[in-house]
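One-letter residues, chain by chain:
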Amino acid sequence: MKKKAAVAAVIAALILAAFLIYDGIHGKKISADFFAMNTYVSVKLTGADSDECATEIQQITESLDKDVLSRTSENSVIHRINQNGGGEIDEKVQGYISVLLDVCRKSDGAFDFTLGAVSDLWQFGSNPEIPNADKLASALSHSGHQKISLSGEKLIMADGQAVIDFGAAGKGIALDEIKAILSDKKIKEAVVSVGGSVLLMGNKQFTVGIRNPSGNSGSYIAKLRISESCVSTSGSYEQQFEQNGKIYHHILNPKTGYPVDNGLVSVTVVSESGILSDALSTACFVLGYEKGSELAKEFGCQAFFVTNNKQILAENGADDIIEITDNSYTLVMQ
Ligand code: ADP
Ligand code: MG
(Lines give C-alpha, C1' and ligand atoms only; values in the text may rest on other atoms or scores of the structure.)
(Ligands and ions follow the chains in the order given, each with its own letter.)
Protein backbone atom coordinates (compact mmCIF):
# COMPACT_ATOMS: atom_id res chain seq x y z
CA MET A 1 0.00 0.00 0.00
CA LYS A 2 2.79 2.34 1.06
CA LYS A 3 4.60 1.60 -2.17
CA LYS A 4 1.48 2.41 -4.22
CA ALA A 5 1.11 5.74 -2.44
CA ALA A 6 4.75 6.58 -3.08
CA VAL A 7 4.38 5.73 -6.79
CA ALA A 8 1.23 7.88 -6.96
CA ALA A 9 3.07 10.74 -5.25
CA VAL A 10 5.96 10.46 -7.71
CA ILE A 11 3.53 10.42 -10.66
CA ALA A 12 1.68 13.44 -9.25
CA ALA A 13 4.99 15.26 -8.78
CA LEU A 14 6.02 14.42 -12.35
CA ILE A 15 2.71 15.67 -13.72
CA LEU A 16 3.08 18.89 -11.71
CA ALA A 17 6.66 19.32 -12.93
CA ALA A 18 5.50 18.74 -16.50
CA PHE A 19 2.86 21.43 -16.03
CA LEU A 20 5.41 23.81 -14.58
CA ILE A 21 7.79 23.19 -17.48
CA TYR A 22 4.91 23.52 -19.94
CA ASP A 23 3.85 26.76 -18.32
CA GLY A 24 7.44 27.93 -18.13
CA ILE A 25 7.77 27.56 -21.89
CA HIS A 26 4.31 28.69 -22.92
CA GLY A 27 3.75 31.23 -20.18
CA LYS A 28 1.17 33.84 -20.70
CA LYS A 29 0.20 35.90 -23.68
CA ILE A 30 0.66 39.62 -23.49
CA SER A 31 -0.17 42.43 -25.83
CA ALA A 32 1.14 46.00 -25.55
CA ASP A 33 1.08 49.07 -27.81
CA PHE A 34 3.04 52.28 -27.68
CA PHE A 35 4.19 55.11 -29.94
CA ALA A 36 7.87 55.41 -30.97
CA MET A 37 9.88 56.22 -34.12
CA ASN A 38 6.94 58.32 -35.31
CA THR A 39 4.74 55.27 -35.57
CA TYR A 40 2.72 52.73 -33.63
CA VAL A 41 4.53 49.78 -32.14
CA SER A 42 2.52 46.67 -31.36
CA VAL A 43 3.99 43.89 -29.23
CA LYS A 44 2.45 40.43 -28.89
CA LEU A 45 4.39 37.89 -26.84
CA THR A 46 3.75 34.38 -25.56
CA GLY A 47 6.09 32.87 -22.98
CA ALA A 48 7.15 32.97 -19.36
CA ASP A 49 9.24 36.15 -19.81
CA SER A 50 6.51 38.08 -21.66
CA ASP A 51 6.06 40.82 -19.07
CA GLU A 52 9.70 41.76 -18.62
CA CYS A 53 10.35 41.49 -22.38
CA ALA A 54 7.47 43.82 -23.24
CA THR A 55 8.92 46.45 -20.89
CA GLU A 56 12.40 45.96 -22.31
CA ILE A 57 11.13 46.20 -25.92
CA GLN A 58 9.53 49.56 -25.17
CA GLN A 59 12.68 50.86 -23.46
CA ILE A 60 15.02 49.75 -26.22
CA THR A 61 12.81 51.08 -29.05
CA GLU A 62 12.39 54.48 -27.39
CA SER A 63 16.09 54.71 -26.63
CA LEU A 64 17.14 53.58 -30.13
CA ASP A 65 15.00 56.40 -31.50
CA LYS A 66 15.93 59.16 -29.04
CA ASP A 67 19.62 58.34 -28.45
CA VAL A 68 20.70 56.93 -31.80
CA LEU A 69 18.57 57.21 -34.93
CA SER A 70 16.43 60.32 -34.61
CA ARG A 71 17.49 63.30 -36.69
CA THR A 72 15.72 65.78 -34.46
CA SER A 73 16.55 64.56 -30.95
CA GLU A 74 19.44 66.82 -29.78
CA ASN A 75 21.45 64.02 -28.17
CA SER A 76 21.14 61.36 -30.83
CA VAL A 77 24.15 59.91 -32.64
CA ILE A 78 22.71 60.76 -36.08
CA HIS A 79 21.93 64.34 -35.01
CA ARG A 80 25.52 64.79 -33.76
CA ILE A 81 26.98 63.36 -36.98
CA ASN A 82 24.79 65.56 -39.14
CA GLN A 83 25.70 68.66 -37.08
CA ASN A 84 29.43 67.94 -37.16
CA GLY A 85 29.68 66.55 -40.69
CA GLY A 86 30.82 63.15 -39.41
CA GLY A 87 32.50 61.84 -36.25
CA GLU A 88 33.05 58.79 -34.08
CA ILE A 89 30.39 56.12 -33.93
CA ASP A 90 30.16 52.94 -31.88
CA GLU A 91 30.33 49.42 -33.28
CA LYS A 92 26.56 49.02 -33.56
CA VAL A 93 26.11 52.19 -35.63
CA GLN A 94 29.13 51.21 -37.76
CA GLY A 95 27.30 47.94 -38.42
CA TYR A 96 24.08 49.72 -39.50
CA ILE A 97 26.03 52.09 -41.75
CA SER A 98 27.99 49.34 -43.46
CA VAL A 99 24.84 47.30 -44.21
CA LEU A 100 23.11 50.41 -45.57
CA LEU A 101 26.12 51.44 -47.67
CA ASP A 102 26.05 47.95 -49.17
CA VAL A 103 22.35 48.41 -50.09
CA CYS A 104 23.13 51.87 -51.55
CA ARG A 105 25.89 50.44 -53.74
CA LYS A 106 24.13 47.26 -54.83
CA SER A 107 20.95 49.20 -55.66
CA ASP A 108 23.06 51.58 -57.73
CA GLY A 109 21.98 54.49 -55.53
CA ALA A 110 18.21 53.77 -55.66
CA PHE A 111 18.47 53.46 -51.90
CA ASP A 112 20.26 56.47 -50.44
CA PHE A 113 20.29 57.35 -46.74
CA THR A 114 21.79 60.81 -47.33
CA LEU A 115 18.61 62.36 -48.72
CA GLY A 116 17.67 64.09 -45.45
CA ALA A 117 17.91 67.64 -46.83
CA VAL A 118 15.81 66.63 -49.84
CA SER A 119 13.01 64.97 -47.84
CA ASP A 120 13.00 67.96 -45.46
CA LEU A 121 12.04 70.21 -48.37
CA TRP A 122 8.98 68.05 -49.10
CA GLN A 123 7.89 68.51 -45.47
CA PHE A 124 6.17 65.14 -45.24
CA GLY A 125 4.68 64.71 -41.82
CA SER A 126 3.99 68.45 -41.41
CA ASN A 127 2.87 70.70 -44.29
CA PRO A 128 3.80 68.81 -47.42
CA GLU A 129 4.22 70.79 -50.64
CA ILE A 130 6.19 70.65 -53.89
CA PRO A 131 9.55 72.25 -53.05
CA ASN A 132 11.13 75.14 -54.91
CA ALA A 133 13.05 73.56 -57.83
CA ASP A 134 16.31 75.47 -57.17
CA LYS A 135 16.32 74.56 -53.51
CA LEU A 136 15.61 70.93 -54.42
CA ALA A 137 18.49 70.87 -56.91
CA SER A 138 20.83 72.38 -54.32
CA ALA A 139 19.81 69.90 -51.58
CA LEU A 140 20.23 67.04 -54.06
CA SER A 141 23.73 68.22 -54.99
CA HIS A 142 24.78 67.80 -51.33
CA SER A 143 23.34 64.30 -51.00
CA GLY A 144 24.79 61.02 -52.27
CA HIS A 145 25.99 57.88 -50.48
CA GLN A 146 29.36 58.15 -52.26
CA LYS A 147 30.09 61.01 -49.83
CA ILE A 148 29.90 58.70 -46.83
CA SER A 149 32.65 56.33 -45.75
CA LEU A 150 33.77 54.46 -42.66
CA SER A 151 37.34 54.58 -41.42
CA GLY A 152 37.69 52.53 -38.25
CA GLU A 153 35.44 54.17 -35.66
CA LYS A 154 34.97 57.28 -37.75
CA LEU A 155 32.20 58.13 -40.13
CA ILE A 156 33.49 60.52 -42.75
CA MET A 157 31.17 62.81 -44.70
CA ALA A 158 32.93 64.29 -47.71
CA ASP A 159 30.20 66.96 -47.95
CA GLY A 160 29.35 68.58 -44.62
CA GLN A 161 25.91 69.54 -45.96
CA ALA A 162 24.83 65.96 -46.63
CA VAL A 163 22.12 64.94 -44.16
CA ILE A 164 21.88 61.33 -43.00
CA ASP A 165 18.31 60.08 -42.64
CA PHE A 166 17.54 56.56 -41.37
CA GLY A 167 13.82 56.97 -42.14
CA ALA A 168 13.84 54.05 -44.57
CA ALA A 169 15.68 51.59 -42.30
CA GLY A 170 15.16 52.61 -38.65
CA LYS A 171 12.10 50.44 -38.07
CA GLY A 172 13.94 47.40 -39.39
CA ILE A 173 16.93 48.19 -37.16
CA ALA A 174 14.52 48.27 -34.21
CA LEU A 175 13.30 44.76 -35.16
CA ASP A 176 16.88 43.42 -35.12
CA GLU A 177 17.53 44.95 -31.69
CA ILE A 178 14.25 43.51 -30.37
CA LYS A 179 15.08 40.09 -31.82
CA ALA A 180 18.43 40.17 -29.99
CA ILE A 181 16.67 40.84 -26.66
CA LEU A 182 14.19 38.01 -27.15
CA SER A 183 16.62 35.38 -28.37
CA ASP A 184 17.80 34.17 -24.94
CA LYS A 185 14.53 34.75 -23.10
CA LYS A 186 11.69 32.33 -22.42
CA ILE A 187 9.53 33.48 -25.29
CA LYS A 188 7.69 30.94 -27.40
CA GLU A 189 6.20 33.32 -29.93
CA ALA A 190 6.63 36.99 -30.75
CA VAL A 191 4.93 39.25 -33.27
CA VAL A 192 6.24 42.81 -33.02
CA SER A 193 5.33 45.45 -35.57
CA VAL A 194 7.03 48.82 -35.79
CA GLY A 195 4.93 50.68 -38.36
CA GLY A 196 5.10 48.68 -41.60
CA SER A 197 7.88 46.37 -40.37
CA VAL A 198 7.05 43.15 -38.53
CA LEU A 199 9.21 40.69 -36.58
CA LEU A 200 7.90 37.11 -36.42
CA MET A 201 9.59 34.72 -33.98
CA GLY A 202 8.52 31.20 -33.06
CA ASN A 203 8.46 27.68 -34.35
CA LYS A 204 5.33 27.86 -36.49
CA GLN A 205 3.93 29.15 -39.72
CA PHE A 206 2.80 32.78 -39.51
CA THR A 207 0.30 34.61 -41.68
CA VAL A 208 1.01 38.24 -42.59
CA GLY A 209 -1.23 40.44 -44.69
CA ILE A 210 -0.21 42.71 -47.57
CA ARG A 211 -2.12 45.90 -46.95
CA ASN A 212 -4.80 47.16 -49.30
CA PRO A 213 -3.22 50.34 -50.74
CA SER A 214 -6.57 52.06 -50.99
CA GLY A 215 -8.13 50.69 -47.81
CA ASN A 216 -7.55 51.36 -44.14
CA SER A 217 -4.67 49.84 -42.19
CA GLY A 218 -6.68 46.72 -41.28
CA SER A 219 -7.65 45.86 -44.84
CA TYR A 220 -5.58 43.35 -46.85
CA ILE A 221 -5.30 42.16 -50.45
CA ALA A 222 -3.18 39.04 -49.91
CA LYS A 223 -1.65 36.91 -47.20
CA LEU A 224 1.84 35.50 -46.90
CA ARG A 225 2.46 32.22 -45.11
CA ILE A 226 5.98 32.31 -43.73
CA SER A 227 8.17 30.94 -40.98
CA GLU A 228 9.99 33.23 -38.55
CA SER A 229 11.43 36.27 -40.30
CA CYS A 230 11.14 40.04 -40.71
CA VAL A 231 8.63 41.52 -43.16
CA SER A 232 8.65 45.18 -44.23
CA THR A 233 6.39 47.09 -46.57
CA SER A 234 7.12 50.44 -48.21
CA GLY A 235 3.92 51.95 -49.50
CA SER A 236 3.32 55.25 -51.27
CA TYR A 237 0.01 55.49 -49.35
CA GLU A 238 1.91 55.96 -46.04
CA GLN A 239 2.57 59.65 -46.61
CA GLN A 240 1.16 61.47 -49.58
CA PHE A 241 -0.54 64.70 -50.66
CA GLU A 242 -2.25 66.06 -53.75
CA GLN A 243 -1.18 69.26 -55.49
CA ASN A 244 -2.31 70.51 -58.90
CA GLY A 245 -4.28 67.29 -59.37
CA LYS A 246 -1.22 65.04 -58.89
CA ILE A 247 -0.36 62.74 -55.98
CA TYR A 248 3.10 63.13 -54.39
CA HIS A 249 4.49 60.63 -51.85
CA HIS A 250 7.51 60.18 -49.58
CA ILE A 251 9.58 57.56 -51.43
CA LEU A 252 12.00 59.58 -53.50
CA ASN A 253 14.07 58.89 -56.57
CA PRO A 254 17.58 59.91 -55.42
CA LYS A 255 18.49 60.81 -59.01
CA THR A 256 15.78 63.50 -59.30
CA GLY A 257 14.67 64.34 -55.74
CA TYR A 258 11.03 63.76 -56.78
CA PRO A 259 8.71 60.94 -55.69
CA VAL A 260 9.15 57.68 -57.60
CA ASP A 261 6.52 57.43 -60.33
CA ASN A 262 6.81 53.90 -61.76
CA GLY A 263 3.34 52.40 -61.32
CA LEU A 264 4.12 50.74 -57.96
CA VAL A 265 2.08 51.41 -54.83
CA SER A 266 3.92 49.12 -52.42
CA VAL A 267 6.71 46.60 -52.06
CA THR A 268 6.87 43.96 -49.31
CA VAL A 269 10.17 42.24 -48.52
CA VAL A 270 10.70 39.10 -46.41
CA SER A 271 14.16 38.64 -44.89
CA GLU A 272 15.91 37.12 -41.89
CA SER A 273 17.21 40.61 -41.16
CA GLY A 274 15.08 43.57 -40.10
CA ILE A 275 17.43 46.24 -41.46
CA LEU A 276 17.55 44.47 -44.84
CA SER A 277 13.78 43.92 -45.09
CA ASP A 278 13.20 47.64 -44.39
CA ALA A 279 15.97 49.07 -46.58
CA LEU A 280 15.23 46.67 -49.45
CA SER A 281 11.50 47.44 -49.44
CA THR A 282 12.39 51.07 -50.14
CA ALA A 283 15.17 50.16 -52.62
CA CYS A 284 12.89 47.75 -54.53
CA PHE A 285 10.14 50.38 -54.66
CA VAL A 286 12.54 52.83 -56.31
CA LEU A 287 14.00 50.23 -58.70
CA GLY A 288 10.70 48.74 -59.91
CA TYR A 289 10.01 45.06 -60.52
CA GLU A 290 12.83 43.98 -62.87
CA LYS A 291 15.82 45.39 -61.04
CA GLY A 292 14.16 45.27 -57.63
CA SER A 293 13.52 41.54 -57.71
CA GLU A 294 17.15 40.96 -58.82
CA LEU A 295 18.35 43.04 -55.86
CA ALA A 296 16.13 41.16 -53.38
CA LYS A 297 17.47 37.87 -54.75
CA GLU A 298 21.06 39.10 -54.39
CA PHE A 299 20.38 39.58 -50.67
CA GLY A 300 18.55 36.23 -50.36
CA CYS A 301 15.17 37.93 -49.74
CA GLN A 302 11.72 37.57 -51.28
CA ALA A 303 9.86 40.61 -52.62
CA PHE A 304 6.23 41.27 -53.63
CA PHE A 305 5.42 44.29 -55.78
CA VAL A 306 1.91 45.79 -55.84
CA THR A 307 1.07 47.92 -58.88
CA ASN A 308 -1.50 50.67 -59.37
CA ASN A 309 -3.33 48.43 -61.85
CA LYS A 310 -4.02 45.84 -59.19
CA GLN A 311 -1.34 43.29 -59.92
CA ILE A 312 0.98 41.63 -57.44
CA LEU A 313 4.27 40.84 -59.15
CA ALA A 314 6.53 38.13 -57.76
CA GLU A 315 9.14 35.58 -58.75
CA ASN A 316 8.05 32.20 -60.11
CA GLY A 317 7.13 29.82 -57.30
CA ALA A 318 5.83 32.59 -55.04
CA ASP A 319 2.38 30.98 -55.00
CA ASP A 320 3.81 28.62 -52.36
CA ILE A 321 3.68 31.43 -49.84
CA ILE A 322 1.27 34.07 -51.17
CA GLU A 323 -2.49 33.83 -51.47
CA ILE A 324 -4.61 36.62 -52.94
CA THR A 325 -7.52 37.41 -50.64
CA ASP A 326 -8.99 40.35 -52.60
CA ASN A 327 -10.04 38.99 -55.98
CA SER A 328 -9.84 42.37 -57.68
CA TYR A 329 -6.03 41.72 -57.58
CA THR A 330 -4.11 39.25 -59.78
CA LEU A 331 -0.88 37.44 -58.95
CA VAL A 332 1.60 37.72 -61.82
CA MET A 333 4.68 35.53 -61.50
CA GLN A 334 7.59 36.01 -63.84
P1 ADP B 1 8.03 54.21 -44.20
O2 ADP B 1 8.90 55.12 -43.40
O3 ADP B 1 6.71 54.76 -44.56
O4 ADP B 1 7.97 52.82 -43.62
P5 ADP B 1 10.14 53.62 -46.07
O6 ADP B 1 10.74 52.56 -45.22
O7 ADP B 1 10.04 53.30 -47.51
O8 ADP B 1 8.71 54.02 -45.61
O9 ADP B 1 11.01 54.92 -45.89
C10 ADP B 1 10.64 56.14 -46.47
C11 ADP B 1 11.45 57.22 -45.80
O12 ADP B 1 12.83 57.06 -46.13
C13 ADP B 1 11.08 58.61 -46.29
O14 ADP B 1 10.17 59.20 -45.43
C15 ADP B 1 12.42 59.34 -46.31
O16 ADP B 1 12.72 59.80 -45.00
C17 ADP B 1 13.40 58.26 -46.64
N18 ADP B 1 13.60 58.04 -48.09
C19 ADP B 1 12.84 58.45 -49.14
N20 ADP B 1 13.33 58.00 -50.31
C21 ADP B 1 14.43 57.27 -49.99
C22 ADP B 1 15.39 56.55 -50.78
N23 ADP B 1 15.30 56.48 -52.11
N24 ADP B 1 16.40 55.93 -50.12
C25 ADP B 1 16.49 55.97 -48.78
N26 ADP B 1 15.64 56.65 -47.98
C27 ADP B 1 14.62 57.29 -48.58
MG1 MG C 1 11.96 50.92 -45.78
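Anything mentioned here points back to the structure above.
Residues numbered from 1 in each chain as written. Chains lettered and ligands numbered in written order. Predicted model: local features only at pLDDT ≥ 70, side-chain atom pairs only at ≥ 80, totals over all residues. Heavy atoms only, no water.

Draft legend 1. Quick peek at the site of ligand 1. Every one of the 18 residues lining ligand 1 counts as a neighbour, but Asp 165, Lys 171, Ser 234, Leu 252 and Thr 282 are closest to it. The backbone of Leu 252 places a nitrogen or oxygen atom 2.9 Å from a nitrogen atom of ligand 1. Between an oxygen atom of ligand 1 and a side-chain N or O atom of Thr 282, the distance comes to 2.8 Å. A total of 560 Å² of accessible area belongs to ligand 1 in isolation, and the protein chains cover 92% of it. With three residues, the single largest contributor to the shell around ligand 1 is helix H8 (residues 274–287). Looking at the shell around ligand 1 residue by residue, the classes come out as eight nonpolar, five polar and five charged. (Near = heavy atom within 4 Å. Polar contact = N/O pair within 3.5 Å; in protein donor to acceptor, adjacent residues only side chain to side chain. Areas by Shrake-Rupley, 256 points an atom, 1.4 Å probe, with all protein chains shown as cover. Helix = DSSP H or I, 4+ residues; strand = E, 2+ residues; numbered from the N terminus. Nonpolar A, V, L, I, M, F, W, Y, C, P; charged D, E, K, R; others polar.)

Draft legend 2. Up close: helix H4 (residues 91–106). The terminal C-alpha atoms of H4 lie 23 Å apart, and with 16 residues this matches the ideal 22 Å at 1.5 Å per residue to within 8%. Those residues of H4 that are buried are in contact with helix H2 (50–69), helix H3 (77–84), strand S4 (148–151), strand S5 (154–157), helix H7 (170–182) and H8. Two or three places before Lys 92, at the start of H4, stands the capping residue Asp 90, its side-chain oxygen 3.1 Å from that residue's backbone nitrogen. Downstream of H4 by one or two residues, Asp 108 has phi in the positive range, about 55°. (Expected span 1.5 Å × (residues − 1). Contact = heavy atoms within 4.5 Å.)

Draft legend 3. Seen up close, the environment of Leu 199. The residue Leu 199 is located in strand S7 (residues 197–201) in this model. Judged by relative accessible area, Leu 199 falls into the buried class, the value being 1%. Remark: the alpha-carbon pair of Leu 199 and Ala 117, spanning 82 residues in sequence, is separated by 30 Å. (Buried < 20%, exposed > 50% of the residue type's maximum accessible area, 1.4 Å probe, protein only.)

Draft legend 4. Structural detail: the environment of Ser 42. When you line up the elements, Ser 42 lands in strand S2 (residues 39–47). Measuring from C-alpha to C-alpha, the distance between Ser 42 and Val 198 comes to 9.2 Å, with 156 residues separating the pair along the chain. Residues in contact with Ser 42, not counting those within four places in the same chain, are Ala 32, Asp 33, Val 191, Val 192 and Ser 193.

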